[in-house]
Amino acid sequence: MGQKAQPTGLRLGIIRTWNSKWYAEGKQYQDLIYEDILLRRYIKKRLQHAAISSVGIERTVKKVTVNIFTARPGIVIGKKGEEVERLKGEIQHLTGKEIYINIREIKRPETDAALVAENIAKQLEKRVAFRRTMKKAISTSMRLGAEGIKVVCSGRLGGAEIARTEKYRDGRIPLHTLRADIDYATATAHTTSGTIGVKVWICKGEIIRRNRNADEVGQEA
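Only a predicted model underlies this, so the values are computations on that prediction, with no experimental measurement involved. (Residues numbered from 1 in each chain as written. Predicted model: local features only at pLDDT ≥ 70, side-chain atom pairs only at ≥ 80, totals over all residues. Heavy atoms only, no water.)

Visitor: Could you clarify how one ought to interpret unusual backbone geometry in this entry?
Guide: We note that Lys80 has phi near 55°; this positive angle belongs to a residue other than glycine. Looking at the secondary structure, you find Lys80 in the loop between α3 (73–77) and α4 (82–95). (Helix = DSSP H or I, 4+ residues; strand = E, 2+ residues; numbered from the N terminus.)

Here it is as structure tokens:
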């Protein structure tokens, strides 16, 4: 068996932070975790055509701030902000709490792992050839600034009788380098011959945070 670490979880507290930012204890912690899952599922299903990458949730005692990262902010906001206000009302009804929504635009969706994986899954559902879809996604991401990308598809590819795994990669994907900014996401394509799993790793470079105390010691010396 392979010992593979989840790239995002491995870097938490080093170069990445948590998608949910709040504190609770006991039964309240369980309830808020479940509420976060419900909120993310509802928003992604409600805005499935708006290219939603991730949903960040921040909580205080009385209010909940929802940060929606999307490649199509116009669809989320709607005409004169009607859609976002409607969404705000629906979430308030769902949770019974005061809700604030922030829309964050993703400038380059081609280098966002979640959006690339979803795009590949949608292409597979439309019966586009899987090799062509994977190679096109890789070439587009590399052209728009990614340092490396790896795409893995598993299942009955091309309607084959036996499920198998296909991998394609380009550039560098240093999974063991903690300062490497590795974006990782999965998606599922529901085809007529069964489900196909899609995994995407995208390297966006390295994040180097200088140690301020070490710099001060060096200056004193």
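Visitor: Mind showing me how you'd approach the layout of surface pockets here?
Guide: Rolling a probe over the atoms, with the probe sized like a water molecule, indicates the empty space that remains. Approximately 450 Å³ is the volume attributed to the second largest pocket. Every residue lining the second largest pocket is counted, 17 residues in all, and those nearest its centre are Lys4, Ala5, Lys150, Leu175 and Trp201. Of all the elements in the fold, those that place two or more residues in the lining of the second largest pocket are α1 (7–10), β5 (148–155), β6 (164–171) and β8 (194–206). The greatest single-element share of the lining of the second largest pocket, amounting to three residues, is contributed by β5. Here the lining of the second largest pocket is composed, by residue class, of seven nonpolar, five polar and five charged. (1 Å grid on protein atoms, 1.4 Å probe; cavity = no way out; pocket = protein on both sides within 12 Å on 5 of 7 lines; lining within 4 Å. Points joined across faces, edges and corners; volume = space filled by probe spheres on them. Nonpolar A, V, L, I, M, F, W, Y, C, P; charged D, E, K, R; others polar.)

Visitor: Would you explain helix α5 (residues 113–125) in this entry?
Guide: Its 13 residues place the ends of α5 18 Å apart at the C-alpha level, agreeing with the 18 Å of an ideal helix rising 1.5 Å per residue. Where the residues of α5 are buried, they touch β2 (52–59), α6 (130–143), β5, β7 (180–191) and β8. If you check the start of α5, you find a side-chain oxygen 3.2 Å away from the backbone N of Ala114, and it comes from Asp112. Positive phi shows up at Arg127, right after α5, with a value of about 65°. (Expected span 1.5 Å × (residues − 1). Contact = heavy atoms within 4.5 Å. Polar contact = N/O pair within 3.5 Å; in protein donor to acceptor, adjacent residues only side chain to side chain.)

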